[in-house]
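For reference, the chains in residue letters:
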Amino acid sequence: MIAALALVMALQNAPIDWESLAPLPYRAPPVVTGEMQAFVQREVAARKCPVAPAGGQSVTIDVAVLVDASDGIRTSIPRAIQCPTVEQYAAALVAGFARNNLLPRTTPSEQWYKTSLTFTWK
């Protein structure tokens, strides 16, 4: 626990090179439900978060995920979009989606990956 906290703190001080991270190897792609979309829509409206138009409204959050040697999720870190509630929600969803849902890896050590979640509503 302390090691994971120290790792997160170190990453907050150093920028993540998002382009160099490999995609998170999901076994089955995550499904963002209507309830998840509605929660994000409410948070965006309440906190006046920036959104990108996409035939309605949408928010995409990139998340870096540290996978340990036994394919467990050590931590997930969202990319800042000026909407902390939605950022943390996305990071928690990604950790849940990835748990027991990753393809077997050939890397016998910890490795960082990236994924994105898009929430869209009209």
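Scoring rules and cut-offs
- Residues numbered from 1 in each chain as written.
- Predicted model: local features only at pLDDT ≥ 70, side-chain atom pairs only at ≥ 80, totals over all residues.
- Heavy atoms only, no water.
- Buried < 20%, exposed > 50% of the residue type's maximum accessible area, 1.4 Å probe, protein only.
- Helix = DSSP H or I, 4+ residues; strand = E, 2+ residues; numbered from the N terminus.
- Pairing = 2+ DSSP bridges.

Participant: Help me understand the pairing of strand β2 (residues 57-67) in this model?
Facilitator: Every other side chain in a regular strand lies on the same face of the sheet, so the side chains alternate between the two faces. β2 sits mainly inside the fold: eight of its eleven residues count as buried. Where β2 meets strand β4 (residues 111-121), eleven bridges bridge the pair, whose relative direction is antiparallel. By the bridge assignment for β4, S58 is matched with T120. Pairing of β2 with strand β3 (residues 73-78) involves five bridges; the strand directions are antiparallel. Looking at the pairing, V67 lines up with I73 of β3. Between β2 and β3, which pair antiparallel and follow one another directly, the connecting turn spans five residues, one of which, D71, has a positive phi of 65°.

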